[in-house]
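Understanding the architecture of this molecule
Letter by letter, the chains look like this.
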Amino acid sequence: MPLIPMQEYAARRQRVIDQIGADSIVIVPANNEVTRTGDGSYYFRQNSNFYYLTGFNEPDAVLVLAPGYEDGNFILFNRPRDPLMEIWNGHRAGQEGAVKEFGADAAYPIDEFYDHLPTLLINRKRVYYPVGRDMSIDEVLMESVNTLRSKVRSGVAVPEEFHSIEPMLHEMRLRKSAAEITTMRKAANASITAHKRAMKACKPGMHEYELEAELMYEFYRHGCRTPAYSSIVGGGKNGCILHYITNNEVLKDGELVLIDAGGEYDYYASDITRTFPINGKFTEPQKQIYELVLKSQLAAIDMIRPGVPFFDIQKTIHRILVKGLIELGILKGDLETLLEQQAIRRFYMHNSGHWLGLDTHDAGVYKINNEWRPLEKNFVLTVEPGLYIQANSEGVDPKWWNIGVRIEDDVLVTESGCEVITPGIPKTVAEIEAFMAEGK
Ligand code: GLY
Ligand code: MN
Ligand code: MN
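Anyway, here's the lowdown on the structure attached to this text. (Residues numbered from 1 in each chain as written. Chains lettered and ligands numbered in written order. Predicted model: local features only at pLDDT ≥ 70, side-chain atom pairs only at ≥ 80, totals over all residues. Heavy atoms only, no water.)

Right, let's talk about the sheet that holds strand β18 (residues 409-413) for a bit. Strand order in the open sheet made by the three strands is β15-β18-β19, with antiparallel pairing throughout. The open sheet has two edge strands, β15 (380-383) and β19 (418-420), and neither has a second partner. Going across the sheet, the axis of each strand differs from the next one's by a mean of 35 degrees, ignoring polarity. Across four bridges, the pairing between β15 and β18 is antiparallel. Bridge pairing in β18 places V380 opposite L412. (Pairing = 2+ DSSP bridges. Helix = DSSP H or I, 4+ residues; strand = E, 2+ residues; numbered from the N terminus. Axes fitted to C-alpha atoms, helices over the stretch in contact; angles between N-to-C directions.)

Structural data, given as structure tokens:
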């Protein structure tokens, strides 16, 4: 199932080692097993940074990169084999598997991590780890450093600097490799099929969760073991709640439904939103708002290429939405003044999108030295403008109330432009209406 070869994980670890220097050490813990209630167990989700460096999806492990260490550069602490536990919960790689299958130079049982740590830290000047993310690692590290301090008279040097490993890993994660892009296409394709299935199945009188079930069916069928985030299925007024995940209301004739959902394939996310009429036919006000959001999304996608500062996408969207809302009489005033006043925030309160990858809101900073960073080839980001007009919006004609529209696609930055990696889901008014009418 995983499409990323082990050599790629090794190359990532080498790139980290090349950046930190020989007198440093990297420590990245895995996620722990989630709490079990009774006999049931929940799906385990690995820590994204740990997975990025190992491809290892068992809980209770720690990666150590210690250049020049006597055991080798890459040491994995992980769970030992345990025949009885494996009967209950499945195969463990154990220490042998860590070396043979996952390329560790040496592996030790996780319970021995604490004993090894002071020795690993000897003569390392800098320690890179996820500072402040996991209190137990902070604590164990400081204790080990103190243990070492008592040995300085025997000539050992104690680490002096503690750095977050995250900026380095997150910069690496921003630029997707060919294998990562292939994996993201798998997640995208599962999600495309899911959205089409839900759109086709939709009928007035269904519950929001019934559409969610249609999505889940396609995610699972295509090898996504989990959605990348809780699916949002919001009918009518619920489409105006940005992170609505209750999904338990009845879908009403004459209203819109907003579906924001994406599958996760081998830990990589897809993130797609479509908004469409529950009965298959837009009303005039719904169509006007929908077409305005679509216009802004298409213009935003059109401008994406290397070198464009991230926030320019939002500026393009703002200009189109404000101009359109003035024309519809929803905003009143002069375009430039309204833009300056951020008047759009009342109806469109989120960003144009975000990086996408191992996490839905993926790692990586958006500003460098306080300037919006320019897009680069092999960045993947979402483009997701929206308009949300709540009921009782002051000064807004009731015909617009409870119209919530978002349109979201995933975009890969290419050499000279971009590629939408989530194509093929009906998106124009005509496409949606024709698609929903098919077979009815
Ligand atoms: N589904 C979360 C987002 O679109 O950012
Ligand atoms: Mn989304
Ligand atoms: Mn998104």
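So that's the structure; there's more coming.
To continue, consider helix α1 (residues 6-20). Between its terminal C-alpha atoms α1 stretches 22 Å, which fits the 21 Å expected from 15 residues at 1.5 Å a residue. What α1 keeps buried is the set E8, Y9, R12, R13, V16, I17 and I20. (Expected span 1.5 Å × (residues − 1). Buried < 20%, exposed > 50% of the residue type's maximum accessible area, 1.4 Å probe, protein only.)

Let us look at the packing of helix α8 (residues 178-201) against helix α13 (residues 429-437). At a minimum axis separation of 8 Å, α8 and α13 run at an interaxial angle of 65 degrees. One way to sum up the angle between α8 and α13 is to call them roughly perpendicular. Crossing of α8 over α13 shows right-handed handedness. Taking contact as the criterion, the partners of K196, M199 and K200 in α8 are, on α13, I432, F435 and M436. (Parallel < 35°, antiparallel > 145°, perpendicular 65-115°, else oblique. Left-handed = near helix turned anticlockwise from the far one by under 90°. Contact = heavy atoms within 4.5 Å.)

Once that is clear, we can look at the coordination of the manganese ion (ligand 2). Listed as protein donors to the manganese ion (ligand 2) are D260 (OD), D260 (OD), D271 (OD) and E408 (OE); their distances from the metal cover 2.0 to 2.4 Å. Taken together, the six donor atoms surrounding the manganese ion (ligand 2) define angles of 57 to 170 degrees at the centre, an arrangement classified as irregular. Look at where the donors of the manganese ion (ligand 2) fall in the sequence and you get D-x10-D-x136-E. Separating the manganese ion (ligand 2) from the manganese ion (ligand 3) is a distance of 3.2 Å, and D271 supplies a donor atom to each of them. Of this pair, D260 sits in strand β9 (residues 256-261) while E408 sits in the loop between β17 (403-406) and β18; the two residues are 148 residues apart in sequence, bridging distant segments of the chain. Both residues of the pair, D260 and E408, count as buried. (Donors = N, O, S within 2.8 Å, 3.2 Å for Na, K, Ca; no water. Tetrahedral: all angles 85-135°; square planar, octahedral: opposite > 155°, others 65-115°.)

Taken together, Y229, D260, D271, H354, H361, E384 and E408 form the complete shell of residues around ligand 1. Between D260 and ligand 1, the recorded distance is 3.1 Å, taken from a side-chain N or O atom to a nitrogen atom. At 3.0 Å from an oxygen atom of ligand 1 is found a side-chain nitrogen or oxygen belonging to H354. Relative to its unbound accessible area of 190 Å², ligand 1 is 89% covered by the protein chains. Put simply, ligand 1 lies in the second largest pocket. Residue classes in the shell around ligand 1 are distributed as one nonpolar, two polar and four charged. (Near = heavy atom within 4 Å. Polar contact = N/O pair within 3.5 Å; in protein donor to acceptor, adjacent residues only side chain to side chain. Areas by Shrake-Rupley, 256 points an atom, 1.4 Å probe, with all protein chains shown as cover. 1 Å grid on protein atoms, 1.4 Å probe; cavity = no way out; pocket = protein on both sides within 12 Å on 5 of 7 lines; lining within 4 Å. Sits in = over half its atoms within 2 Å of the grid points. Nonpolar A, V, L, I, M, F, W, Y, C, P; charged D, E, K, R; others polar.)

Moving on: the coordination of the manganese ion (ligand 3). For the manganese ion (ligand 3), every protein donor is listed as D271 (OD), H354 (NE2), E384 (OE) and E408 (OE), and the spread of their distances is 2.0 to 2.2 Å. For the manganese ion (ligand 3), the six donor atoms in the first shell make angles of 51 to 156 degrees at the metal, so the coordination geometry reads as irregular. Each donor residue of the manganese ion (ligand 3) belongs to the same chain, with the gaps between them written as D-x82-H-x29-E-x23-E. Exposure remark for H354: the relative accessible area of 7% places this residue in the buried category.

With respect to topology, three strands assemble into an open sheet ordered β8-β9-β12, the strand pairing being antiparallel. The sheet terminates laterally at β8 (232-235) and β12 (272-277), the two strands that pair on one side only. Direction aside, the axes of adjacent strands within the sheet are offset by 10 degrees on average. Bridge count for β8 against β9 is four bridges, and the pairing is antiparallel. Bridge pairing links I232 to D260 in β9. Against the sheet, helix α9 (residues 208-221) touches β8 and β9, its axis set at about 150 degrees to β8.

Quick look at the pairing of β9 now. By the criterion of burial, β9 is predominantly enclosed, with six of the six residues buried. Where burial is concerned, the two faces of β9 agree: the one with L256, L258 and D260 and the one with V257, I259 and A261 are both buried. Relative to β12, β9 runs antiparallel, the two being bridged by six bridges. Looking at the pairing, I259 lines up with R274 of β12.

Now for the nonpolar core. Counting residues in each nonpolar core, the largest one holds 70 residues, and the members touching the most others are L211, V257, I259, I289, L325, L375 and L387. Apart from the residues within four sequence positions on either side, V257 is in contact with C202, L211, V233, G234, G235, L251, R274, T275, F276 and I278. Among the nonpolar cores identified, the runner-up in size contains 41 residues, and F74, L76, M168 and L358 belong to it. (Core = buried A, V, L, I, M, F, W, Y, C linked by side-chain atoms within 4.5 Å.)

Everything listed here is a matter of geometry and, on its own, says nothing about what the molecule does.
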